Amino acid sequence: MHGRFPILYIAEADAEEAVLSSGALAQLVEAIPQATFTVVGSPASAPLFADLPRLQRLITLDRDGRWDWIALWNQVRETNWGLVVDMRGSTLSGKLRRQRRAVKDKAAPGLHLVEQAARTLQLDEIPAPHCSSAATRRKPPTP
C-alpha cells in the first residue's frame, strides 16, 4: 500500500473501555506505517490518545446528543477514509466515504472488551491494552 492512508478511529466514551480497546489501535499504528489517524473521543477518553503516533487530529465529542454527532459529521465527512473504526457502534461510520469499515459488535455478551476490540478489527491475536499517552506513562523517579 502506497501513499497516505487516513484512519478515523471513534473511541469509546468511557475511558476504561477506551483503554481496554487501545491495543487494537496500537496494532493499526504498527501494521500500517503510512496511516494517519483522526481519533474521536469523549472528554474522558480523548486525552488517552493525545500522544498517538501519526495523530493528525483529536476530536472531542463533548456530549452524545444528536446535534453533537451532526457537528462531528461536518468535521469528518469531506475525507475519503481508508478505514473507519467505530468502537461505539454508531450509525455515523456507515455514512462516511471509506474503503473499509470496522464496527464494534455490541451484541457479544460475555466477551471481554479486549476480545471485542480484536474481533472488531479481525485480528488473529488479542492485543494487550496499550496507551501511548503521556498521561498514562509513569515518570522516572528523580535522584
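Sequence order sets the numbering: in each chain, residues are counted from 1 along the sequence as written. Since the coordinates come from a predicted model, pLDDT governs what is reported: local features require at least 70, and pairs of side-chain atoms require 80 or more to be given and counted, while whole-chain, interface and lining totals use all residues. For the side-chain quantities, the full set of heavy atoms in the structure was used; hydrogens and water were omitted.

Moving on, we come to the pattern of salt bridges. In what follows, salt bridge is the name for a side-chain nitrogen of Lys or Arg lying within 4 Å of a carboxyl oxygen of Asp or Glu. Following the criterion strictly, the structure yields 2 salt bridges and no others. For Glu12, the salt bridge is made with Lys104, and the minimal N-O distance between the two is 3.2 Å. Here Lys104 lies in the loop between strand S5 (98-103) and helix H4 (113-120) and Glu12 lies in the loop between strand S1 (5-10) and helix H1 (15-20), a separation of 92 residues in the sequence. Per residue, the accessibility class of Glu12 equals that of Lys104, and both read buried. Residue Arg77 pairs with Glu78 through a salt bridge whose shortest N-O separation is 3.7 Å. The buried label goes to any residue with under 20% of its type's maximum accessible area, the exposed label to any with over 50%, and the partly exposed label to all in between, with areas taken from a 1.4 Å probe on protein chains only. A residue is classified by how much of its surface remains accessible, and Glu78, at 57% relative accessible area, is exposed. Segments assigned H or I by DSSP are reported as helices when at least four residues long, segments assigned E as strands when at least two residues long, and all are numbered from the N terminus.

The next thing to look at is the pairing of strand S4 (residues 81-86). Burial analysis of S4 places 6 of its 6 residues in the buried class, the great majority of the element. Should DSSP find at least two bridges between two strands, the strands are taken to pair. Relative to S4, S1 runs parallel, the two being bridged by 4 bridges. Counterpart to Leu8 in the pairing with S4 is Val84. By the bridge criterion, 5 bridges tie S4 to S5 in an arrangement that is parallel.

If you trace the backbone, Leu55 turns up in strand S3 (residues 55-60). By relative accessible area, Leu55 is classed as partly exposed at 24%. Separated by 49 residues in sequence, Leu55 and Pro6 have C-alpha atoms that sit 10.0 Å apart. Here a residue-residue contact requires only that any non-hydrogen atoms of the pair lie within 4.5 Å. When neighbours within four sequence positions are excluded, Leu55 is seen to be in contact with Phe37, Val39, Phe49 and Ala50.

The topology assignment puts Ser21 in the loop between H1 and helix H2 (22-31). On the basis of relative accessibility, which here comes to 0%, the residue Ser21 falls in the buried class. Non-local contacts of Ser21, meaning those with residues more than four positions away in its chain, are made with Tyr9, Glu12, Met87 and Ala117.

Mapped onto the elements of the fold, Arg54 is located in the loop between strand S2 (35-41) and S3. Overall, the relative accessible area of 32% leaves Arg54 in the partly exposed class. Between the alpha carbons of Arg54 and Ala35 there is a distance of 7.3 Å; along the sequence they are 19 residues apart. Dropping the residues within four chain positions of it, Arg54 is found in contact with Val29, Ile32, Pro33, Ala35, Thr36 and Phe37. Separated by 2.8 Å, the side chain of Arg54 and the backbone oxygen of Val29 make a polar contact. What qualifies as a polar contact is a pair of N or O atoms within 3.5 Å, subject to a donor-acceptor requirement within protein and to the restriction that residues adjacent in sequence count only when both atoms come from side chains. Among the polar contacts listed, one links the side chain of Arg54 to the backbone oxygen of Pro33, at a separation of 3.1 Å.

Before going further, it helps to spend a moment on helix H3 (residues 66-76). Structural remark: α-helix, 3.6 residues per turn; residues separated by three or four positions point the same way. Listed as buried for H3 are Asp68, Trp69, Leu72 and Val76. Down the axis of H3, the buried side of the element spans an arc of 95°, and every buried residue falls inside it. What points out from H3, more than 90 degrees from its buried face, is the exposed set Arg66 and Trp67. Packed against the buried residues of H3 are S1, S2, S3 and S4. The arc under discussion is defined with respect to the helix axis, by the directions toward the C-beta atoms.

Taken by themselves, the reported measurements are silent on function.
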